[in-house]
Amino acid sequence: MAHTHDTAGRRNRLRDTLAARTDGTPVDAFVVSDLVNVRYLTGFTGSNAAVLIDVADPAADRIATDGRYLTQVAAQVPDVEPVIERACVPALVDHARTAGASRIGFEADEQTVATHRALSSSLEGSGVELVPLTGVVQGLRAVKEPGEIELLRAACAIGDAALAAIIADGVLRAGTTEREAARALEWEMYRLGADGIAFETIVAAGAHSAIPHHRPTHSALADGDLVKIDFGAIVDGYHSDMTRTYVLRRAAPWQRDLYELVATAQAAGCAALTPGAELRAVDAAAREVIADAGHGEHYVHGLGHGVGLQIHEAPGIGKLATGTLPCGAAVTVEPGVYLPGWGGVRIEDTLVVTTGDPDLLTATDKTFTVI
């Protein structure tokens with residue numbers, strides 16, 4: 001399901017953001033080299049590219065890529081003039097300097113020290129200054145457009161349907177290995193139209209479920225196991241993310257209690273998703289439920305993260321997070337409690353922050369379920 005995005009509008013919003021910068025002198029141009037940001041700003045999906053944003057003149061924007069992508073760049077980015085060079089960033093910095101830019105921004109969180117050194121020495125004596133910028137495009141990406149939300153919704157729907165299918169097919173039963181269950185789930189997502197899997201699928205059974213990011217092994221599921229499944233699909237570049245935890249065949253009282261605790265914390269986290277909320281307050285809403293139950297030390301990660309063209313993107317929701325939740329952000333809410341040697345429970349949804357109740361994109365039932 002290919003989707004057309006208003007990439008010119010995104011570049012103009014970036015221009016406005018750069019022009020309005022208050023920390024230090026404004027830049028004349030900005031070279032974007034993170035490939036996800038390049039895709040966001042232009043629609044280009046090749047493996048080598050950078051974009052030059054001219055703060056004063058949209059017609060002076062350029063996209064650099066190499067000769068392998070001549071046809072692709074013409075098709076995907078018809079509205080930006082290409083510069084065909086293997087070394088994209090130096091080519092665009094040179095182009096900006098020739099065009100008269102005196103302060104050129106670059107992505108400091110993406111650029112290597114070696115490239116920066118080479119750029120600096122190439123500009124020596126030219127009077128041109130390189131200005132390090134961080135998180136500028138990521139900040140724009142944090143607020144999703146309606147078309148982006150529809151792609152996220154489609155990816156989440158594939159995840160829901162794939163999980164339902166492997167449960168209906170009896171994949172989650174004693175004797176199936178974690179890897180077999182993970183591969184079955186991934187195959188189902190592809191069959192349902194996913195372009196890819198969002199990240200390495202987690203299937204963690206028994207004591208393994210107490211490892212937050214366990215990688216599936218050849219160990220078999222057994223009756224009485226907690227089975228934690230964390231997975232996602234990609235549709236047209238957009239990632240879904242969901243975790244569900246089940247018990248096989250028979251549940252112990254401690255498993256039910258642990259599940260209900262995490263479910264209560266997860267509901268509190270979801271309820272805290274309001275525009276303008278402090279990110280760390282959203283985290284605290286769920287964390288306090290778990291801490292009050294005496295399991296604070298068994299909840300070892302943040303509450304959630306932004307999701308979109310990357311599986312983890314801005315905003316991050318954790319106890320050290322700074323800033324507030326923007327309206328239109330797509331985020332996960334995924335508290336977990338992990339008891340080493342026993343097992344763990346994590347429940348995760350992907351939701352969009354709106355002025356009313358958050359828009360829940362992952363629809364799979366969350367009531368305590370014995371399979």
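Predicted, not measured: the structure shown is a model, and the values here were computed from it.

## Things to note about the UniProt feature "domain: Peptidase M24" (unreviewed entry) in the chain
According to UniProt, the positions carrying the feature "domain: Peptidase M24" (unreviewed entry) are residues 150-354. Overall, residues 150-354 shows 32% helix and 23% strand. The separation of its end C-alpha atoms is 14 Å.

## A closer look at the sheet that holds strand β9 (residues 226-231)
Within a sheet, neighbouring strands are paired by backbone hydrogen bonds and run either parallel or antiparallel to one another. Reading across the sheet, the three strands line up as β8-β9-β12 and stay open at both edges, with antiparallel pairing between neighbours. The sheet is open, and its two borders are formed by β8 (202-205) and β12 (242-247), each paired with just one other strand. Pairwise comparison of adjacent strand axes, ignoring direction, gives a mean angle of 10° for this sheet. Relative to β9, β8 runs antiparallel, the two sharing four bridges. Within β9, the position partnered with Val203 by the bridge is Ile229. Most of the contacts of helix α8 (residues 178-191) go to β8, to which it runs at about 150°, and overall it touches β8 and β9.

## Digging into unusual backbone geometry
Trans peptide bonds make up the majority, and among non-glycine residues the majority have a negative phi. Of note, the amide linkage connecting Ala314 to Pro315 takes the cis form, showing an omega dihedral of 0°. Here Pro315 lies in strand β14 (residues 313-317). Positioned with a positive phi, Asp236 is a non-glycine residue whose angle comes to about 50°. We classify Asp236 as buried; its relative accessible area is 18%. Despite not being glycine, Arg249 has its phi angle at roughly 65°, a positive value. The residue Arg249 is located in the loop between β12 and α9 (253-271) in this model. On the basis of relative accessible area, Arg249 is assigned to the exposed category, the value being 63%.

## Topic: the nonpolar core
Core analysis: the biggest nonpolar cluster contains 61 residues, and Leu14, Leu18, Phe30 and Ile229 have the highest contact counts within it. When residues of this core are assigned to domains, at least three fall in each of domain 1 (7-141) and domain 2 (143-360). If sequence neighbours within four positions are ignored, Ile229 has contacts with Leu163, Leu172, Leu185, Ile202, Val203, Met242, Thr243, Arg244 and Tyr246. Among the nonpolar cores identified, the runner-up in size contains 30 residues, and Leu258, Leu261, Leu339 and Phe368 belong to it.

Reading guide: rules and limits
- Residues numbered from 1 in each chain as written.
- Predicted model: local features only at pLDDT ≥ 70, side-chain atom pairs only at ≥ 80, totals over all residues.
- Heavy atoms only, no water.
- UniProt positions renumbered as here; feature names shortened; annotations may be inferred.
- Helix = DSSP H or I, 4+ residues; strand = E, 2+ residues; numbered from the N terminus.
- Pairing = 2+ DSSP bridges.
- Axes fitted to C-alpha atoms, helices over the stretch in contact; angles between N-to-C directions.
- Contact = heavy atoms within 4.5 Å.
- Buried < 20%, exposed > 50% of the residue type's maximum accessible area, 1.4 Å probe, protein only.
- Core = buried A, V, L, I, M, F, W, Y, C linked by side-chain atoms within 4.5 Å.
- Domains from an automatic or database assignment.

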